[in-house]
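Structure at a glance
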Amino acid sequence: MPTIPFVRKLAARLRRDTSAVSTIEFGFMLPLFITMGMTGTELAYMATVNMQVSQVATSLADNASRLGQTDNSAVTPTVTEADIDSIMEGALRQGRSFGLGENGRIILSSLEYHNTTGRQYFHWQRCRGDLARSSAYGDEDQNNGLGSHRIYGVGSATNRITADEGSAVMVAEIVYDYEGIITGAIGRNVQFRQEAIFLIRDDRNLEPGVTGDDSQSLCDA
């Protein structure tokens, strides 16, 4: 049949022709390269956001430790609701670029030494953010450390930080639900939890806790 030699010649010519081999290989490898690139981008952004969450926690605890430093009166300053609202709002604005207010919870607590019982306790606690999360240590109500729930300090389990008599420790905790920039690149939701702990810098009247009214940072809001 006249077509058989033609088919044989065509097949031989196709076997010798390698001009499209690289294109085919690239087609096979392209999905893998895209997946690796997307995952690398996601992981880099995740690390950046986690670092930013940590920086916000550090700034908040640092600012809380300085409350009252600008008070030049002869009376030892107290912490006011307006003071706390101000630094909490500052933390929200610092985290605005990654949606901290909508996807996170900021918790600021004052760990103090109780003179009567000798226990560590949360004298007050304030919160901001839409995420429903609580402190890893306690609250200012039934779990403040003076009842059945004990607070032995804050920080690492092997190196607890406690408040001395007449002083206080500002504890900033931030919980953040990371949504990601590429849906499905990681395959699961990731939650960041960062905290920072600072000892108050100057003398502070701790007895009344927080003074003033109209707080925007109550934890049950």
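Rules behind the numbers
Residues numbered from 1 in each chain as written. Predicted model: local features only at pLDDT ≥ 70, side-chain atom pairs only at ≥ 80, totals over all residues. Heavy atoms only, no water. Phe/Tyr/Trp six-rings, centres within 6.5 Å; stacked < 30°, edge-to-face > 60°. Helix = DSSP H or I, 4+ residues; strand = E, 2+ residues; numbered from the N terminus. Buried < 20%, exposed > 50% of the residue type's maximum accessible area, 1.4 Å probe, protein only. Salt bridge = Lys/Arg side-chain N within 4 Å of Asp/Glu carboxyl O.

Turning our attention to the packing of aromatic side chains. Summed over the entire model, instances satisfying the criterion amount to 4 aromatic pairs. Their ring planes at 45° and their centres at 6.0 Å tell us that Tyr-45 and Tyr-178 sit as a pair that is tilted. In this pair, Tyr-45 sits in helix 2 (residues 21–65) while Tyr-178 sits in strand 4 (residues 168–178), placing the two residues 133 residues apart along the sequence. By relative accessible area, which is 30% here, Tyr-45 ends up partly exposed. Among the residues examined, Tyr-178 registers a relative accessible area of 6% and is labelled buried.

Turning to the pattern of salt bridges, a few remarks are in order. In this structure the tally under the stated criterion is 7 salt bridges. For Glu-89, the salt bridge identified is with Arg-128, shortest N-O distance 2.9 Å. Of this pair, Glu-89 sits in helix 3 (residues 81–94) while Arg-128 is found in strand 3 (residues 120–128), placing the two residues 39 residues apart along the sequence. Here Arg-126 and Glu-140 are joined by a salt bridge, their closest N and O atoms 3.2 Å apart. One end of the pair, Arg-126, is in strand 3; the other, Glu-140, is in the loop between strand 3 and strand 4, and 14 residues separate them in sequence. Note on Arg-126: relative accessible area 6%, which makes it buried. With a relative accessible area of 30%, Glu-140 lands in the partly exposed category. What emerges from the salt-bridge pattern is a single network uniting Asp-62, Arg-66 and Arg-201.

Note that all results are geometric; they support no functional claim without further evidence.
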